[in-house]
Structures are given as C-alpha cells and as structure tokens.
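# Observations on chain architecture
As a plain string of letters, each chain reads:
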Amino acid sequence: MKYKRAGVAAVVVALIGAVLAPMLIPKENRRVHQHLVNREKGICTREHAKGELCTHLPLVVIDTGGVEIPGKPLSQRVDKDGQEVTEYSRAADGNTRISAKMKVVDNGGYNHLDDYAAVDTDIQIRVRGRSSRYFEKSSYAIKLVNKDQTNHNQSVMGMDAHHDWVLYGPYLDKTDMRNYMFYNISGEIMDYAPNVRYCEVILNGRYQGLYLMVESITAGEDGSRLDIEVNKKYQTYTGYVVRIDQNHDTPEYVDSFTGYTYRRDSGVDFEIVYPGPSKLTPGLERSIAQSFSDFEKALYSYDYDNDRMGYRKYIDTESFVDAFLISEITANYDFGSLSTYVYKGTDNRLRVCMWDFNNSCDNFEQPMGWRSFELEGILWYVMLMRDEDFTEQVIDRYHVLREKWFSDEYIAKYMDETVEFLGDAVSRDRARWEDTYADGHGLLADEDRNPNTYQEALEQLKEYLRRRLKWMDENIESLRQYSAESRVKKYSEVAN
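### Focus on the overall build of the chain
Looking only at helices and strands, one finds 13 helices and 17 strands in the chain. Out of the 496 residues in the chain, the part that is buried amounts to 52%. Summing over all exposed atoms, the chain offers an accessible surface of approximately 23900 Å²; the carbon and sulfur share of this is 49%.

Right under this line is the structure:
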C-alpha cells in the first residue's frame, strides 16, 4: 500500500511540476532576442528575378491605395496659454488615421514578396512620434482591424497576439540598434519591457528600409504585455498606464499632486493611456488620479520614508531603481519628462516601463556628456534619492547589473552579433536613405558628432558606453550625497 501511495505522490508531484515549470523558468529564458533565435541564415536556394527582394528578416508590406498616411507636421501656432501647438496632416475625412492593408511575410527562412503571408489584415495607420515626425523616414502607429473596423488581435513575428503595434523606423539612430538592444536588456532586468523584432518594410510598392515592429505599452490578454484589466460594467480596474509627456492635447490626463503643486515641469502632462477612451469613464479617471496622488503625496510628505505612511507601499522599488540606472547608464535624459510610462499592476504597486532610447547614449542634438548624474533631481527621484535605503539599493543594483547585462563584454558581443544577424539589410536601408548619410545632413550639433558610416556609428555607441560605465564605476558611490543626513533631517523625524 505504501508503494501505491508513493506512486500516487510521484504522479502528483510530476503534475504540479508540469504546471509550475513555466513559472519557474528564469526570466532571461522567456525573453526572445531575435538575433540569437534566428542567427543561422544559410543560403536562399530560390532563383531570383533581377532586383527581387530576398530577406531573412520578416517582410512587412503595406498598401494604402496611394493615399498619403496622415500625421506629418504642417504648421505650428501658439495657444492661449503660450504653448506651441503643432498642426498635423489629416485624412480627407478629417480623421487622424487611414484604412490600409498589411501583410507580414515571416516564414522562418528567406522571405519574398510573393511568399505566404503569416498575417494578412486590414489596418488603420498614422505617422507617430514627436520630433521623429519631421524625419524623412517615418514611424507608424498601426492598429489591426477586421472588415468592420473592430480590433483584430493577431500574433506578429512571434510576439503575443494584439491589435496595437508600433512600426519604428530608425533614422536619428544610425546604428539601428538603440531601441532593439535596450528594450531587450530592459526586458531581462525588469518585469516588462516591450518586445521587439527587426523587419523590412514595403510601402505602396516601394522599399522603405529597416524597421522595428514593437509592442505598444498597453494591456494584453492571457498575461501578454501588461497584466492589467478594466471591468467596464462594474467600473473597476486592476491597473492602469500613465504616460508622462509634453502636451498631447488630450482630455484623458491625471491632475495629480505634482501637477497642482507645480512640482513637475510646466507643459508636462500625465496622460492616461490605459484604459483607453472607450473604457475610461469620469469615475475611473477620478479613481486613477486619486490613486496616483496618494503615491505622490506620500512621497513628498515629511514621513516619505516611513514604512507605514511613506512611498514604499505604493511602488515596486526595484522597478524604480532599475529605471533610474538604465536611464543613467544610457544617458536617456528624456526619462521623467518625455516618453515615460508608469503602470499599476495587479499587485497594486506602480512600476516603470522603459520606452524610446532613440536619443540615448549621446544621440541628442546637443552633447549629453558622460561625467555626471542627471536624474537624481527629476520628478519623484528628487525625493527617492533622499532615502538612504533607496540610494543604497541603487548602488548595490548597479554592481549587479555591471556584472552581466551592462558589462563591456556583454554589450560589445550583443552589438557585434546583432550586426552579423542584420547582414545585408543594413546596406539596403543605407541605399534607400543615402541622402541622410551624406555630408551636410547631420542632425546632431557639432558636425563631427555625426557618423558618416555605419561602422563609425557602431564605434561611437560602443565607445560612449565604455566611457560612461567606467565613469559610473568610479562615481556610483557618490550618489550617497543626495541622501546625506543634513539634506533630509526635517523629512526623517517621524517615527514608524
């Protein structure tokens, strides 16, 4: 009998193991790095017609019927509050998007225009971005829809099914690599960062070059993207997403504590991204604003570091630590005022989701430098860094990240392997946008900062990160000055 019980127990253990196994897989094994999965390209055996496109990357084919995609800047004006407002092109019917067709050819080998399409769908499309809307090579917001224009969730290039996607065209970033590399590294380090895949794009029969298909930051089904949900019927939510950015001309914003106390920069809005307009009621909007204000009021209070009354019960501190370090390492100084996403998950704590490394690593119009910390005084962190425990957590975490994800060896190898994977796609992209790489077309101040070749751009990025990380190695301990007792005495007098 005891052997029978032992056998039953073994079966139960095996079943439990089968159920729990996916949960126990280390996070790094769940992140898909496209260049590592599809690194063996081999040789295409098909006979090609002259000029026929043959690519090992997924091929995205968009047909608008010749209609121009709206969203390009037309003019600027100053509103009654003195803020600059940009007018963008619209569709003939006044809408910000147009209807189009999209196919994705992704057969795991070499792809051609007449190959089977893994995705064949109607879409709604517009030009997206802020400063990037002015670039010749546009980026696009794409929504997959059914014939009746309802959302049509589909898996794209192996990423979880959804209807909302970003087709990002590297233009300012001459390495084509910043978003790809830092989204993936962030995804290894943090709970979530957008998944991303390289592809090549054909628009209305014309080759457009190398792009990245990226998950938008929103909720998904069955644990994809962010695990948050709104119950429209009962007006309840298990989370939300807020974007910190400059004046998006939208009424769906959070009028939180830092807004009405002028503790955040003028012109910076907290826009509610999820739930979207169709689910966001006035009641939900007020609840989200109150939830966000509760965190900010606790953070900016006299007892901000108090275990019972302070900020810690509102946020996942590891997420805020990692966001700070990733942004400082890459000198992504838009963080905190532009393109910054914060979300509340099912555990009722706020987390940060990294977004937009286009200007990072000294790729901003004006030189960023690499010999200083810049983010300890921005929104939220001006208080977080006054907490000795938080500062020590930042320092300790830096040393951990430096061992692997931000080691010189890992970064250099990551870039080299990605270049090898991209192969001929880079030269095709350069040929398409040849004028933008010619002398006199640099977008960065000081002409010598603009790389003339792809190899120069790669070396610039590698060298910047080497210098930046070496400086941080030598100075990371200096962050303690921002939580020195003399700076925080009046804030730390409340006992737990």
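Let us keep going from here.
### Section: the packing of aromatic side chains
By the definition in use, this model includes 22 aromatic pairs. Both rings, one in F270 and one in F292, keep their centres 5.4 Å apart while their planes meet at 70 degrees; by these two values the pair is edge-to-face. Here F270, found in strand β15 (residues 268-274), pairs with F292, found in helix α6 (residues 282-299); they are 22 residues apart in sequence, far enough to count as distant. Using a relative accessible area of 0% as the deciding quantity, one classes F292 as buried.

### Remarks on unusual backbone geometry
Here Y274 and P275 are connected by a cis peptide whose omega angle stands at 5 degrees. As for its placement among the helices and strands, P275 is situated in the loop between β15 and α6. The residue M157 is not glycine, and still its phi comes out positive at about 55 degrees. By secondary structure assignment, the location of M157 is in the loop between β7 (154-156) and β8 (159-162).

### A word on the side chain of S301
Here S301 shows up in the loop between α6 and α7 (317-329). Look at S301 and you get buried, because its relative accessible area is 15%. A polar atom in the side chain of S301 sits 2.8 Å from the backbone oxygen of A298.

### Here we look at the sheet that holds strand β14 (residues 240-246)
Here four strands make up an open sheet; going across it, the order is β15-β14-β16-β17 and the pairing antiparallel. With one partner strand each, in any of the chains shown, β15 and β17 (350-353) form the two edges of the open sheet. Taken pair by pair, the neighbouring strands of this sheet meet at an average axis angle of 30 degrees, ignoring direction.

### Let's talk about the sheet that holds strand β10 (residues 196-203)
One closed barrel accounts for seven strands, arranged β1-β4-β5-β6-β9-β11-β10; its pairing is mixed. For this sheet, the mean inter-axis angle between neighbouring strands, taken without regard to orientation, is 40 degrees. Relative to strand β9 (residues 164-168), strand β6 (residues 139-145) runs antiparallel, the two being bridged by four bridges. When the bridges of β9 are listed, I142 appears paired with W165. Contacts between helix α11 (residues 424-432) and the sheet are confined to β10 and β11 (206-215), with β11 contributing the most and set at about 120 degrees to the helix.

### Some details on the packing of helix α10 (residues 408-422) against helix α12 (residues 454-475)
Look at α10 against α12: their axes get within 10 Å of each other, and the N-to-C directions meet at 165 degrees. Taken as axis vectors, α10 and α12 run roughly antiparallel relative to one another. As for how α10 packs across α12, the hand of that crossing is right-handed. In this structure, α10 uses D408, I411, A412, M415, D416, V419 and L422 to contact α12, whose residues at the interface are Y454, L458, L461, K462, L465, R466 and L469.

### Side note on helix α9 (residues 388-403)
Relative to the 22 Å expected for 16 residues at 1.5 Å per residue, α9 spans 23 Å between its end C-alpha atoms, a close match to the ideal helical length. All buried positions along α9 are accounted for by F390, T391, V394, I395, Y398, L401 and R402. Along the long axis of α9, the arc covered by the buried residues comes to 140 degrees, so they all point the same way. Projecting away from the buried face of α9 at angles above 90 degrees are the exposed residues D389 and E403.

Thresholds applied
Residues numbered from 1 in each chain as written. Predicted model: local features only at pLDDT ≥ 70, side-chain atom pairs only at ≥ 80, totals over all residues. Heavy atoms only, no water. Helix = DSSP H or I, 4+ residues; strand = E, 2+ residues; numbered from the N terminus. Buried < 20%, exposed > 50% of the residue type's maximum accessible area, 1.4 Å probe, protein only. Areas by Shrake-Rupley, 256 points an atom, 1.4 Å probe, with all protein chains shown as cover. Phe/Tyr/Trp six-rings, centres within 6.5 Å; stacked < 30°, edge-to-face > 60°. Polar contact = N/O pair within 3.5 Å; in protein donor to acceptor, adjacent residues only side chain to side chain. Pairing = 2+ DSSP bridges. Axes fitted to C-alpha atoms, helices over the stretch in contact; angles between N-to-C directions. Contact = heavy atoms within 4.5 Å. Parallel < 35°, antiparallel > 145°, perpendicular 65-115°, else oblique. Left-handed = near helix turned anticlockwise from the far one by under 90°. Expected span 1.5 Å × (residues − 1). Arc of directions from axis to C-beta.

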